[in-house]
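Given next are the chains, with one letter for each unit.
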Amino acid sequence: LVATPRNPTSYDYVGMTRQSTDERASFMTSQGAAWMAPEEYMETACAVGADIVVALGDEVVADARVNRLVESSKRTIVWMQRALSWLEGRNQLPFLLCPVVGGGTIDKRRDAIKYMPYVQDPRVHGVYVSGLGTGESVGIRQEILREVVARVPKDKLRMVSGVSNPIEILEAVRCGVDVFDAG
């Protein structure tokens, strides 16, 4: 069981959710838009017994404006710290993945991974490349995957969402992706 705030079979971002805030993320559920703080999300994911927990990230669409991309990265870093703080003192830790945001731009994806010191944390088992399949070209998607995977330690898992057809999956494997969240 993988806990992720994104439905891998669809991407209902534009017009469907409210804008996330520094305190809470907005995302779609089967009952509509929901708000959750990183700590609430971790509590819920662990309560349902998820085998893999993708920490909450401020995911944005491929063509988001630059200031929104920067805000997304900063917010995701803070949310990741809050998720790790929530884990402190707990006996049973989840297999935790750190989201890497950045929209459809290579430089913002580089920035996002560069500012994610949590990838080195022993409580973090890998990364989750989020926000793909939201309007970027296949070529840009492959370049994003190559760039992100190259910056992740070899002993960490690399998971991606938004890649689902067989050819794109094979290309992502060639880029170094280990696991897919696809519909």
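The shown structure was predicted, so the numbers you read here are calculated from the model rather than taken from an experiment. (Residues numbered from 1 in each chain as written. Predicted model: local features only at pLDDT ≥ 70, side-chain atom pairs only at ≥ 80, totals over all residues. Heavy atoms only, no water.)

1. What about the packing of aromatic side chains?
Working step 1: All chains considered together, the criterion is met by zero aromatic pairs.
Working step 2: The side chain of Arg 90 reaches across the aromatic face of Trp 86, ending 3.5 Å from its centre. (Phe/Tyr/Trp six-rings, centres within 6.5 Å; stacked < 30°, edge-to-face > 60°. Lys NZ or Arg CZ within 6 Å of the ring centre and 35° of its normal.)

2. Thoughts on the pairing of strand β2 (residues 25-29)
Working step 1: Note that β2 and strand β3 (residues 32-36) share five bridges and pair antiparallel. Residue pairing across strands places Phe 27 opposite Ala 34, the latter belonging to β3.
Working step 2: In sequence, β2 turns back onto β3 through a hairpin of two residues. (Pairing = 2+ DSSP bridges. Helix = DSSP H or I, 4+ residues; strand = E, 2+ residues; numbered from the N terminus.)

3. Considerations on the side chain of Thr 76
Working step 1: Its place among the elements puts Thr 76 in helix α2 (residues 66-87).
Working step 2: Residues contacting Thr 76, with those up to four places away along its chain left out, are Leu 56, Gly 57, Asp 58, Pro 99, Val 101 and Met 116. (Contact = heavy atoms within 4.5 Å.)

4. Overview of empty space enclosed by the protein
Working step 1: For the structure on display, the rule yields two cavities of 30 Å³ or more.
Working step 2: Volume-wise, the second largest cavity comes out at about 40 Å³.
Working step 3: Val 138, Arg 141, Gln 142, Leu 145, Val 163, Glu 168, Glu 171 and Ala 172 together form the lining of the second largest cavity.
Working step 4: At the level of elements, α4 (138-150) and α5 (166-175) are the ones that each hand at least two residues to the lining of the second largest cavity.
Working step 5: The greatest single-element share of the lining of the second largest cavity, amounting to four residues, is contributed by α4. (1 Å grid on protein atoms, 1.4 Å probe; cavity = no way out; pocket = protein on both sides within 12 Å on 5 of 7 lines; lining within 4 Å. Points joined across faces, edges and corners; volume = space filled by probe spheres on them.)

5. Observations regarding the layout of surface pockets
Working step 1: In this structure, the largest pocket occupies an estimated 200 Å³ of space.
Working step 2: Lining the largest pocket we find Leu 1, Val 2, Ala 3, Thr 4, Pro 5, Phe 27, Met 36, Tyr 41, Thr 44, Ala 45 and Val 48.
Working step 3: Elements represented by at least two residues in the lining of the largest pocket include exactly β1 (2-3) and α1 (38-47).
Working step 4: The biggest single contributor to the lining of the largest pocket is α1, with three residues.
Working step 5: Grouping the amino acids of the lining of the largest pocket by side-chain chemistry returns nine nonpolar, two polar and no charged.
Working step 6: By volume, the second largest pocket is sized at about 170 Å³.
Working step 7: Surrounding the second largest pocket, Cys 46, Gly 49, Ala 50, Trp 86, Arg 90, Gln 92, Leu 93 and Pro 94 form its lining. (Nonpolar A, V, L, I, M, F, W, Y, C, P; charged D, E, K, R; others polar.)

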